[in-house]
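# Results of the structural survey
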Amino acid sequence: MKDLVINGTEKGKLERRSVPVVNIADVEREALKRIPKHSLDYYRSGAGDEITLAENCLAFNHLRIRPRFLRDMSTRVTATTVLGIPVAFPVLVAPTAMQRMATPLGEVANALACEAEGTIMTLSTISTSSLEEVAHATPNSPKFFQLYIYRDRELTRRLVKRAERAGYRALVLTVDTPFFGQRYADERNHFKLDAHLKMANFEEEDKEASERINRVEANLKSGSSGLAEYANSLFDPSITWDDIAWLKSITSLPIVAKGVLTREDALKALETGCSAILVSNHGGRQLDTVPATVSVAQFE
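So, here's what we can say about the structure. (Residues numbered from 1 in each chain as written. Predicted model: local features only at pLDDT ≥ 70, side-chain atom pairs only at ≥ 80, totals over all residues. Heavy atoms only, no water.)

## A short note on the side chain of Asn-201
- Along the chain, the position of Asn-201 falls in the loop between α7 (184-189) and α8 (207-222).
- For Asn-201, the side chain forms a polar contact with the main-chain nitrogen of Leu-131, separated by 2.8 Å. (Helix = DSSP H or I, 4+ residues; strand = E, 2+ residues; numbered from the N terminus. Polar contact = N/O pair within 3.5 Å; in protein donor to acceptor, adjacent residues only side chain to side chain.)

## What about the nonpolar core?
- Formed by 47 residues in total, the largest nonpolar core has its most connected members in Met-98, Phe-145, Tyr-150, Tyr-168, Leu-171, Phe-235 and Leu-247.
- Listed in part, the seven residues of the second largest apolar core include Val-87, Ala-170, Val-172 and Val-256. (Core = buried A, V, L, I, M, F, W, Y, C linked by side-chain atoms within 4.5 Å. Buried < 20%, exposed > 50% of the residue type's maximum accessible area, 1.4 Å probe, protein only.)

## A short note on the sheet that holds strand β6 (residues 143-147)
- Spatial ordering of the open sheet is given by β5-β6-β7-β8-β9, a layout of five strands whose pairing is parallel. Unpaired on one side and paired on the other, β5 (121-123) and β9 (276-279) mark the two borders of the sheet. Ignoring which end each strand starts from, the neighbouring axes of this sheet average 30 degrees apart.
- Bridge analysis of strand β7 (residues 170-174) against strand β8 (residues 255-260) gives four bridges, and the strand direction is parallel. When the bridges of β8 are listed, Leu-173 appears paired with Ala-257. (Pairing = 2+ DSSP bridges. Axes fitted to C-alpha atoms, helices over the stretch in contact; angles between N-to-C directions.)

## Quick notes on the pairing of β9
- Bridge count between β8 and β9: four bridges; the pairing is parallel. Each residue of the ladder has a partner; that of Val-256, found in β9, is Ala-276.
- As for the winding sense of the linkage, the β-α-β connection from β8 through helix α11 (residues 263-271) to β9 is right-handed. (Right-handed = clockwise from strand over helix to strand, strands pointing away.)

Here's what the structure looks like:
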């Protein structure tokens, strides 16, 4: 058994396993053993009848490699750049909410893994480790911050400024969530946030915003209304591409539009000043029956 210590405090344990974890299937196997059902179902479920969730896997598995041989492979380099930032490994980590439901280290563990692999983590706004905590744990690793535009623009502005001060390198604006996707597993489980966890990025906001967040957290912990209550009470369903201009007016960070699935929206994102797009269907968790992400990546 090896202790993992961060900032002088024991945060978790790394166990020696009799069966090595060597691929994604092994990681999933271990998760099934270790994570409580309500948390596991939250992580692995999709919206509606989960048609898009299934299509994501099927479409990816149908991709085929077209190899070219006798090309002198004595030197192999995976390094590239993303928004001008060097990365050693050309796979970035997308934002995922509430990671402390899976491990005591939560989002810090994810950031440490990205730092070790030389790639970029995107921290979710709805994280259970604050953006400052993650930045402090991995000061030498580039990170992006995922953002929603809230009904409360001042709350949004403060999150942006905190991300700037903490050294995040880009804002990943989620554009596909005017309303929260209906996830039957969470409804059946009366999904709740564990009593010892919190929406860590909202602790230091003003009194009115804090009270609103606290009410939502109480609902999450009681299982009475869950994440849909969070989204419906805080997210702004009226935002349009015109709001990119407002976001650009309050930050110098590059903006990445996350959730683009059509050529038209890709062009619109660039026209409104986004530095990049992230082709995504929200992991099949937002709007069911949209295409698999990988199937639209070329915007035919």
